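This is what each chain is made of:
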Amino acid sequence: MPTMFSRRPLGVLGAVSAAALVLASCAAPPEETSDDVDVVTVVDNHGEIEVPVNPRRLVALDNTTFQTLSDWDVDVAAVPKPLMHDLWPDLSDDPSVLDVGSHREPNLEAVIEADPDLVIGGYRFASVYEDLKDIQPRTVEINARDGEDQVAELGRQVEILGQIFDREDDAAAIVDELDTAITAAADAYNGTDTVVGLITSGGDISYAAPGSGRGVGLLFPTLDLVPGIEQAAEDSTHGDDISVEAIAQANPEWLVVLDRDATFDEEGYVPAAELIEGSEALANVPAVRKGQVIYLEPGFYLDEGIQAYTTLFDAVATAFADAE
């Protein structure tokens, strides 16, 4: 197999900034792709880039691609195992798959050791994009871009993956499944019920703003939901401070809740259902009284890919239809 990047041994790196200096000094440009390797030109978040089709050694860092890679039985050389928990064991459990670590302390040496011919970076690993490019110029970022239609961005990402892995028909089918779920949810919504999005973590309830709140926010513009609370987001990732009294005052017919801690279930974890349905202040809110609280799947916070959103829209469609 042709080597895409010439590696030199490095000592243990400390901060990413230090790693960047060392990598920049030792990185070599990739060799030309051999004639027996097919290539395709895709448009990632930075523009056109030529990449190998069905790369032999793939480093995958963007968690929003993991479910697709898993479903398509794609082999990986390195992944960020701390971000994968037990959601994709076929990608992460093999001891030969190297661990790039968390995005907070990425192990760039593992990327070098993996000797990839393609790196899928971006999203949580966006801050080390230039470092990854120094290691392997064929690094792509295909996560949803800020300021763009987020449903379209989910489709765009899987379509690019379809080009890279020669699974364009499969990618189209995944997009169709999302579109079908959205249509079903929109058809089931009565157009008047008020909805409030929430995020729970660390025993606290936070507000997820329509349009921008993590996971939950996408539902509002996509389904034209009526917000029970209209307040711009200050922290779209973790949610904004809100009191249970403010939620009760809004008196929403529906609550949609992302439990950020559900995947980990660590000591001291308080499930979202306990925080919300066990709150005396929320007991008479229509959403709680009628059992109209929709909880995202436990793994959503670590997934956030197109399939996770399809599951969410399916759940919303079912809940709305059952309430009719």
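The text that follows walks through the structure, step by step, so that each part is easy to find. The structure displayed is predicted, hence computed values, not measured ones. (Residues numbered from 1 in each chain as written. Predicted model: local features only at pLDDT ≥ 70, side-chain atom pairs only at ≥ 80, totals over all residues. Heavy atoms only, no water.)

Some points on the overall build of the protein
To keep it simple, the criterion reads: Each helix is a run of H or I in the DSSP string that is no shorter than four residues. Each strand is a run of E no shorter than two, and both are numbered from the N terminus. The cut-offs for exposure are 20% and 50% of the maximum accessible area for each residue type, with area from a 1.4 Å probe on protein chains only; residues under the lower value are buried, those over the upper are exposed, and the others partly exposed. Contacts are assigned to residue pairs with any non-hydrogen atoms lying within 4.5 Å of each other. All accessible areas in this document rest on Shrake-Rupley with a 1.4 Å probe, and a residue is counted as covered only by the protein chains that are shown.
In terms of regular secondary structure, the protein is built from 13 helices and 13 strands. Burial status across the protein gives 51% buried among its 324 residues. Long-range contacts, defined here as pairs at least 24 residues apart, represent 62% of the contacts in the protein between residues at least 6 apart. Of the accessible surface of the protein, which amounts to about 14,700 Å², a share of 44% is contributed by carbon and sulfur atoms.

Quick look at helix H7 (residues 168-188)
For the record, the criterion: One fewer than the residue count of a helix, multiplied by 1.5 Å, yields its expected span. Arc, as used here, means the arc of the directions from the helix axis to the C-beta atoms.
Its 21 residues place the ends of H7 30 Å apart at the C-alpha level, agreeing with the 30 Å of an ideal helix rising 1.5 Å per residue. By the burial criterion, the buried members of H7 are Ala 171, Ile 174, Val 175, Leu 178, Ala 181, Ile 182, Ala 185 and Ala 188. Viewed along the axis of H7, the buried residues span an arc of 160°, placing them on a single side of the element. Facing away from the buried side of H7, by more than 90 degrees, are the exposed residues Glu 168, Asp 169, Thr 180 and Asp 187. Buried residues belonging to H7 abut helix H6 (150-164), helix H8 (219-223) and helix H13 (306-323).

Things to note about the packing of aromatic side chains
The geometry of an aromatic ring pair is captured by two quantities: the separation of the ring centres and the angle between the planes. The line we're drawing: Pairing of aromatic rings covers Phe, Tyr and the six-membered ring of Trp, with a centre-to-centre limit of 6.5 Å; geometry is then stacked below 30 degrees between planes, edge-to-face above 60, and tilted otherwise.
The full count for this structure, using the stated rule, is four aromatic pairs. Taking the centre distance of 5.2 Å and the plane angle of 70° together, the rings of Phe 66 and Trp 88 count as edge-to-face. With Phe 66 in helix H2 (residues 66-71) and Trp 88 in the loop between strand E4 (78-79) and helix H3 (89-92), this residue pair connects regions lying 22 residues apart in the sequence. Of the two residues examined, Phe 66 and Trp 88, each falls in the buried class. Each ring, one from Tyr 189 and one from Phe 320, has its centre 5.3 Å from the other, and the planes form 35°; the classification is tilted. Here Tyr 189 is found in the loop between H7 and strand E8 (194-201), whereas its partner Phe 320 is found in helix H13, with 131 residues between them in sequence.

Comments concerning the pairing of E8
Heads up, the condition is: In this analysis, strands are considered paired if DSSP registers two or more bridges between them.
In terms of burial, E8 is largely enclosed, as six of its eight residues are buried. Summarising the sheet, E8 and strand E10 (residues 226-227) pair through two bridges and their orientation is parallel. In the strand pairing of E10, Thr 194 is matched with Val 226. With six bridges joining them, E8 and strand E12 (residues 254-259) adopt parallel strand pairing. Bridging across to E12, Ile 199 finds its partner in Leu 258. Sheet topology note: the E8/strand E9 (residues 204-208) ladder contains five bridges and is antiparallel. From the neighbouring strand, Thr 200 faces E9, where its bridge partner is Ile 205. Connecting E8 to the antiparallel partner E9 that follows it, the hairpin turn spans two residues, and Gly 202 within it adopts a positive phi of roughly 60°.

Remarks on H13
Relative to the 26 Å expected for 18 residues at 1.5 Å per residue, H13 spans 26 Å between its end C-alpha atoms, a close match to the ideal helical length. When H13 is considered as a whole, its buried residues turn out to be Ile 306, Gln 307, Ala 308, Tyr 309, Thr 310, Leu 312, Phe 313, Val 316, Ala 317, Ala 319 and Phe 320.

What to know about the pairing of E12
Extensive coverage of E12 is indicated by the burial of six of its six residues. Both faces of E12 are covered, namely the face carrying Trp 254, Val 256 and Leu 258 and the face carrying Leu 255, Val 257 and Asp 259. As judged from the three bridges shared by E12 and strand E13 (residues 293-295), these two strands associate in the parallel manner. The residue of E13 that forms the bridge with Val 256 is Ile 294.

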